[in-house]
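In case you want the letters, here they are:
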Amino acid sequence: MIIMKADATKQEIDNVIAEVNKLGLRADVSRGESLTIIGLVGDERKIPFSYLSVLPGVRDAHMIETPYKLISREYSKAFQEPSENRVIHVGNVEIGGETPTYIAGPCAIESRTQLFRIAEEVKKAGAHILRGGIFKPRSSAHSFQGLGAKGDEEAREALTWLRDAGRAFEMPVLTEVRGENQVDLIAEYVDILQVGARNMYDQDLLGVLARKSKPVFYKRHFGASVEEFLSFSEYIAVEGNKDIILCERGELPIGKGKNFTRYTLDLAAIPVIQKETYLPVMADPSHATGRRDLIYPMSCAAMAAGASGLAIEVHYNPAESWVDAAQAITADELKKIIDDCNRIHGLTAGQNKKVKAGK
Ligand code: PEP
Ligand code: MN
């Protein structure tokens with residue numbers, strides 16, 4: 001990180017950027033009210049700090065050790081635009097703003113009729129963003145893999161339904177991208193690209209996806225520490241895309257015997273992550289629990305913990321969902337969750353802001 005002197009001229013700043021580029025590094029420039037800070041992105045072994053620190057106009061040049069510096073609050077503090085949270089705008093929807101954001105829809109898109117009916121219902125219930133899986137990650141190769149797995153034509157058809165349902169009911173749309181070869185196709189149709197828990201570590205996918213300059217809904221792997229989760233988010237941020245929505249969706253339960261839930265929702269991770277980074281953090285109580293009777297309590301708990309919103313699977317006939325039937329809820333149940341979570345947010349947001357800011 002290079003901090004310029006308060007009276008550094010434009011020419012001095014440009015000169016430092018040119019020197020940085022000559023070294024084969026990228027300059028991430030932030031002009032604060034009184035200071036300009038230049039973050040260096042690239043192979044850190046190549047950075048000659050002693051040389052850079054004596055260039056005209058430079059006040060200081062030093063290494064930032066955290067592996068997730070671009071998304072960390074600490075680093076953004078140095079940029080003097082700290083403690084502010086990043087608000088991500090998609091169409092008319094805000095994520096990470098003053099009010100919670102709700103993503104809802106079916107686990108998997110089954111037909112145009114199914115999707116449009118669910119879209120209409122979740123919109124009425126108060127959802128802001130429509131989800132629907134087209135390429136499904138499944139534990140069994142013999143299960144339904146999503147309409148996209150049937151072929152290019154079927155994938156495009158389902159993507160068209162998703163885009164059109166979003167337009168019809170005025171919601172941005174989101175679907176999961178499982179591989180690099182799907183990125184171009186999916187990005188043509190959707191507003192937000194989802195990286196599923198299983199792909200959290202796929203740095204090649206993250207790079208390709210980030211370059212689409214669309215917000216990324218990024219889910220924590222069920223075995224990843226918070227540090228790993230944030231460190232891998234950095235693969236999106238280094239491409240210049242900081243529109244990253246982090247999502248806590250549960251860790252693998254430990255111990256012998258029955259655990260009764262699909263995963264364990266790591267509630268404490270929500271405020272912890274929000275202290276570490278200015279990015280919004282959402283929670284997914286559907287995959288975290290795998291049980292429809294637990295979606296309400298875990299939604300409320302995640303909201304009280306300071307989540308910026310929730311992602312919930314909904315079906316008009318939950319028991320008949322082709323995928324993840326046990327965790328699907330109805331739109332009426334979603335409405336109750338949204339209403340109550342908005343009230344919980346009203347009660348807890350002020351205190352949670354202080355927690356985030358470290359007060
Ligand atoms: C999903 O959101 O559709 C999904 C498969 O979730 P996860 O990647 O968290 O398992
Ligand atoms: Mn699902």
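Here is what the cut-offs are and how they apply
- Residues numbered from 1 in each chain as written.
- Chains lettered and ligands numbered in written order.
- Predicted model: local features only at pLDDT ≥ 70, side-chain atom pairs only at ≥ 80, totals over all residues.
- Heavy atoms only, no water.
- Helix = DSSP H or I, 4+ residues; strand = E, 2+ residues; numbered from the N terminus.
- Polar contact = N/O pair within 3.5 Å; in protein donor to acceptor, adjacent residues only side chain to side chain.
- Contact = heavy atoms within 4.5 Å.
- Core = buried A, V, L, I, M, F, W, Y, C linked by side-chain atoms within 4.5 Å.
- Buried < 20%, exposed > 50% of the residue type's maximum accessible area, 1.4 Å probe, protein only.
- Domains from an automatic or database assignment.
- 1 Å grid on protein atoms, 1.4 Å probe; cavity = no way out; pocket = protein on both sides within 12 Å on 5 of 7 lines; lining within 4 Å.
- Points joined across faces, edges and corners; volume = space filled by probe spheres on them.
- Nonpolar A, V, L, I, M, F, W, Y, C, P; charged D, E, K, R; others polar.
- Axes fitted to C-alpha atoms, helices over the stretch in contact; angles between N-to-C directions.
- Parallel < 35°, antiparallel > 145°, perpendicular 65-115°, else oblique.
- Left-handed = near helix turned anticlockwise from the far one by under 90°.

## Re the side chain of Arg131
Next, step 1: Summarising the element assignment, Arg131 is placed in strand β8 (residues 129-131).
Next, step 2: A polar contact is formed between the side chain of Arg131 and the backbone oxygen of Pro106, at a distance of 3.1 Å.
Next, step 3: With residues up to four places along the chain from it excluded, the contact list for Arg131 reads Ile103, Ala104, Gly105, Pro106, Cys107, Lys136, Leu174, Gln194, His287, Ile312 and Glu313.

## Quick notes on the nonpolar core
Next, step 1: Ranked by internal contacts, the top residues of the largest apolar core, which has 85 residues, are Val122, Leu130, Tyr218, Leu246, Leu310, Val314 and Leu334.
Next, step 2: Mapping this core onto the domain boundaries places at least three of its residues in each of domain 1 (2-63) and domain 2 (88-356).
Next, step 3: Setting aside anything within four residues of it in sequence, one finds Leu334 in contact with Ala104, Val122, Ala125, Ala127, Ile312, Val314 and Ile329.
Next, step 4: Ranked by size, the runner-up nonpolar core spans 17 residues in total, among them Val20, Ala27, Ile47 and Val58.

## Things to note about the layout of surface pockets
Next, step 1: Of the voids in this model, the largest pocket is the one considered here, and its volume is about 370 Å³.
Next, step 2: Elements with a contribution of two residues or more to the lining of the largest pocket: β3 (36-41) and α8 (226-237).
Next, step 3: In terms of residue count, the dominant contributor to the lining of the largest pocket is α8 (four residues).
Next, step 4: For the lining of the largest pocket, a count of residues per class yields 13 nonpolar, four polar and three charged.
Next, step 5: Looking at which domains feed residues into the lining of the largest pocket, each of domain 1 (2-63) and domain 2 (88-356) supplies at least three.

## Things to note about the environment of Asn342
Next, step 1: Looking at where Asn342 falls in the secondary structure, it is placed in helix α12 (residues 331-356).
Next, step 2: Spatially, the C-alpha atoms of Asn342 and Gly255 are 35 Å apart, while their sequence positions differ by 87 residues.
Next, step 3: If near-sequence neighbours (up to four positions away) are discounted, Asn342 is found in contact with Pro100 and Tyr102.
Next, step 4: One polar contact links Asn342 to Tyr102, side chain to side chain, over a distance of 2.8 Å.

## Observations regarding the domain arrangement of the protein
Next, step 1: By the assigned domains, the protein splits into domain 1 (2-63) and domain 2 (88-356).
Next, step 2: In this structure, domain 1 and domain 2 have C-alpha centres spaced 38 Å apart.

## With respect to the packing of α8 against helix α9 (residues 269-276)
Next, step 1: In contact at an axis separation of 11 Å, α8 and α9 are set at 45° when each is read in the N-to-C sense. Taken as axis vectors, α8 and α9 run oblique relative to one another. Judged by the twist between their axes, the crossing of α8 over α9 is right-handed. Residues Val226, Phe229 and Leu230 of α8 form the contact with α9, whose own contacting residues are Ala269, Val272, Ile273 and Glu276.
Next, step 2: A breakdown of the residues in the contact of α8 with α9 according to their chemical character gives six nonpolar, no polar and one charged.

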